[in-house]
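Each chain is listed here by its residues.
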Amino acid sequence: MSLAFSPQRKPDEVSIGYLLRLARVNGYARIGSMVSSAEQNNIIKLQITPALNAKFGIPISQGDVFSTIINPMFNRNIQLNPKVCIQCLNEDGYLLTEVQNPFCHACSKHQSALTSQCTTCYESLAWDIPLIKGHCTSPRCGVQLKPSSENVRSLSETQVSDCLYAALVLEKEHIMALKPNAYASLPFYENMLEKGYRLLTDNAFFREWVQKTLQATSSLLPHNIRSVAIVQFLETLSCTWPAATLDIVIPATPADGIALPVTEQWLPFGKASRLLELRPEELQLLQHVNLVKHARKSRLHHNSQIDVAPIFQLLVGNDIQSGMVCLSTLTEVMVHNDVEMYDILIGFKEGRLQLGYGEGHNLRRAIWCEPASFIRFAKDVFSKRQYDAISLEKAVSLTGLPMELLHALRKMGKLRPPRVARAGSLALCQFEDVLQIRQQQKPMQLSLI
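Residues numbered from 1 in each chain as written. Predicted model: local features only at pLDDT ≥ 70, side-chain atom pairs only at ≥ 80, totals over all residues. Heavy atoms only, no water.

## Here's the deal with the nonpolar core
Grouped together as the largest cluster of nonpolar side chains are 78 residues, with contacts concentrated most on Phe 233, Ile 311, Phe 312 and Phe 374. With eight residues, the top contributor of residues to this core is helix 6 (residues 157–171). Core analysis: the second largest hydrophobic core is formed by 33 residues, Leu 20, Met 34, Ile 44 and Ile 48 among them. (Core = buried A, V, L, I, M, F, W, Y, C linked by side-chain atoms within 4.5 Å. Buried < 20%, exposed > 50% of the residue type's maximum accessible area, 1.4 Å probe, protein only. Helix = DSSP H or I, 4+ residues; strand = E, 2+ residues; numbered from the N terminus.)

Below is the structure:
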């Protein structure tokens, strides 16, 4: 393409803004008359090839971004839709590179708020030639743009990132399944910024959102599952905000006793592992017996989103009987017999263990059982364990002996390292030696001679 005029590109001019200025001085009314939509999108995304450089004089760039802020919303910090400084357009006739930075909300030159929509027709702006003239880009409007806000909040890029994330959380129904987009698409930027800022700074509004989020979940779930989206949101924030200092109050079961049924509860694989006290390989096994579901019905991996609702659907409705105690009070029995949460869930599903289920902070505190029957179950689980070698830390749990005593037994040859040398062998011991030590009723019966 041969253009009559090729104005010099300003050093701090955004590429798409230069393209609009180039089209304007060459007499085009709309950008689509000069470039294809594919070419325009590549320039917006900073995917500027040698061909585009030769055609429009825009410097070649591949993989550049406008900010190094790490955020959960998008992978590349390039904003696709425009927000502009009206003073820059009126006074200088061009746009700074910062307007495509998703975390830049005010012009560094004029300290005025960047505008992403027309205050007359309320439509979002587009990258088109009227924009470089300071006019609304809607064909039905076209008026001179005015700032959407006279007030500019003093926010760092990191704080802006938090505000935009908070606004996105308000819009999404299932934030645990939120995945980052490739680029930042942020129409009505000012509105998003204000909504997010309000959630993070208005305590009453934050509490209202918390209660609304919790009320959308079943009160039959443990508290850490009900509040997981809220905790995830707060943990993702990079800055300290007033809302982050508030306590999360979990509402109890409704007074009428009618709770929402347990429906799908999608969690990231790692988050589910931590909250449910289940190792990754145990979650894999639970998938085989339909106590954990994967949307793609394929093998689970660290990026999987899994539905843990079947676990609670199995437990709900089993009343706590007289004589039962909370599972958390039997932690020592579990540790001493190498019983995991997986064993308990499978034992209950197979009818080998009777459980009750009630309200609790986590799964361990929500499960109840009769102590004597649980001890029998735990001993049965341990009797079927078959290991070649285990860690010394696990040996401490299984024997009840201090590490110092185990080291003394090792020196006497009573707690041998694995038969086959391997990496970390010094921290391992033979399981059969641990079984022999367990047979001693008390540590005092062990001979250290």
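Having seen the structure, we can now continue with the description.
## Details of helix 20 (residues 431–438)
Within helix 20 the residues assigned to the buried category are Phe 431, Asp 433, Val 434 and Ile 437. With its buried residues spanning 155° around the axis, helix 20 presents them on a single face. Where helix 20 is buried, its residues meet helix 17 (371–383), strand 7 (389–391), helix 18 (392–399), helix 19 (403–411) and strand 8 (428–430). (Arc of directions from axis to C-beta. Contact = heavy atoms within 4.5 Å.)

## What about helix 11 (residues 269–276)?
Judged by how many residues are buried, helix 11 sits mostly within the fold: six of eight residues are covered. All of the buried residues along helix 11 are Phe 269, Lys 271, Ala 272, Ser 273, Leu 275 and Leu 276. One or two steps after helix 11, the chain reaches Glu 277, where phi turns positive at roughly 60°.

## A short note on empty space enclosed by the protein
Taken as a whole and judged by the stated rule, the model has two cavities of 30 Å³ or more. As a volume, the largest cavity reaches approximately 40 Å³. Along the walls of the largest cavity sit Ile 70, Asn 71, Pro 72, Ser 161, Asp 162, Tyr 165, Thr 236, Leu 237 and Ser 238, which together make up its complete lining. Element by element, the count of residues in the lining of the largest cavity is highest for helix 6, at three residues. Classifying every residue of the lining of the largest cavity by side-chain character gives four nonpolar, four polar and one charged. Empty space within the second largest cavity amounts to approximately 30 Å³. Lining the second largest cavity are Cys 85, Cys 88, Leu 95, Leu 96, Glu 98, Val 99, Cys 107 and Leu 114. Along the lines of polarity and charge, the residues of the lining of the second largest cavity split into seven nonpolar, no polar and one charged. (1 Å grid on protein atoms, 1.4 Å probe; cavity = no way out; pocket = protein on both sides within 12 Å on 5 of 7 lines; lining within 4 Å. Points joined across faces, edges and corners; volume = space filled by probe spheres on them. Nonpolar A, V, L, I, M, F, W, Y, C, P; charged D, E, K, R; others polar.)

## A short note on the side chain of Arg 226
One can find Arg 226 in helix 9 (residues 223–226). Despite its burial, Arg 226 pairs with no opposite charge, the nearest such side chain being Glu 359 at 6.0 Å. Polar contacts involving the side chain of Arg 226 include one to the main-chain carbonyl oxygen of Ser 218, which spans 3.3 Å. (Lys, Arg positive; Asp, Glu negative; His and termini not counted. Salt bridge = Lys/Arg side-chain N within 4 Å of Asp/Glu carboxyl O. Polar contact = N/O pair within 3.5 Å; in protein donor to acceptor, adjacent residues only side chain to side chain.)

## A look at the pattern of salt bridges
Tallied over the full model, the rule gives 20 salt bridges. Two residues, Lys 55 and Glu 39, come together in a salt bridge whose shortest N-O distance is 2.8 Å. Placement of Lys 55 in helix 3 (residues 50–56) and of Glu 39 in helix 2 (residues 37–44) is noted, with a sequence separation of 16 residues between them. Classification of Glu 39 by relative accessible area gives buried; the value is 17%. The salt bridge involving Arg 153 is made with Glu 194; its shortest N-O contact spans 3.0 Å. Of the two residues, Arg 153 sits in the loop between helix 5 (129–132) and helix 6 while Glu 194 sits in helix 7 (residues 189–201), which places them 41 residues apart along the sequence.

## A look at the packing of aromatic side chains
One pass over the structure, following the stated rule, counts eight aromatic pairs. When the ring of Tyr 197 is compared with that of Trp 241, the centres are 6.2 Å apart and the planes differ by 90°; the resulting orientation is edge-to-face. Linking Tyr 197 in helix 7 with Trp 241 in the loop between helix 10 (228–236) and strand 1 (266–268), this pair joins segments that are 44 residues apart in sequence. Overall, Tyr 197 belongs to the partly exposed group, its relative accessible area being 22%. For Trp 241, a relative accessible area of 5% corresponds to the buried category. With 5.0 Å between their ring centres and 90° between their planes, Tyr 387 and Phe 431 make a pair best called edge-to-face. Residue Tyr 387 is located in the loop between helix 17 and strand 7, and its partner Phe 431 is located in helix 20; the two are separated by 44 residues in the primary sequence. Classification of Phe 431 by relative accessible area gives buried; the value is 4%. Among the aromatic residues, those joined into a cluster by ring pairs are Tyr 165, Phe 206, Trp 209 and Phe 233. Sitting over the ring of Tyr 189, Lys 83 keeps its end group 4.7 Å from the ring centre. The ring centre of Phe 382 lies 3.9 Å from the NZ or CZ of Arg 438, which sits over that ring. (Phe/Tyr/Trp six-rings, centres within 6.5 Å; stacked < 30°, edge-to-face > 60°. Lys NZ or Arg CZ within 6 Å of the ring centre and 35° of its normal.)

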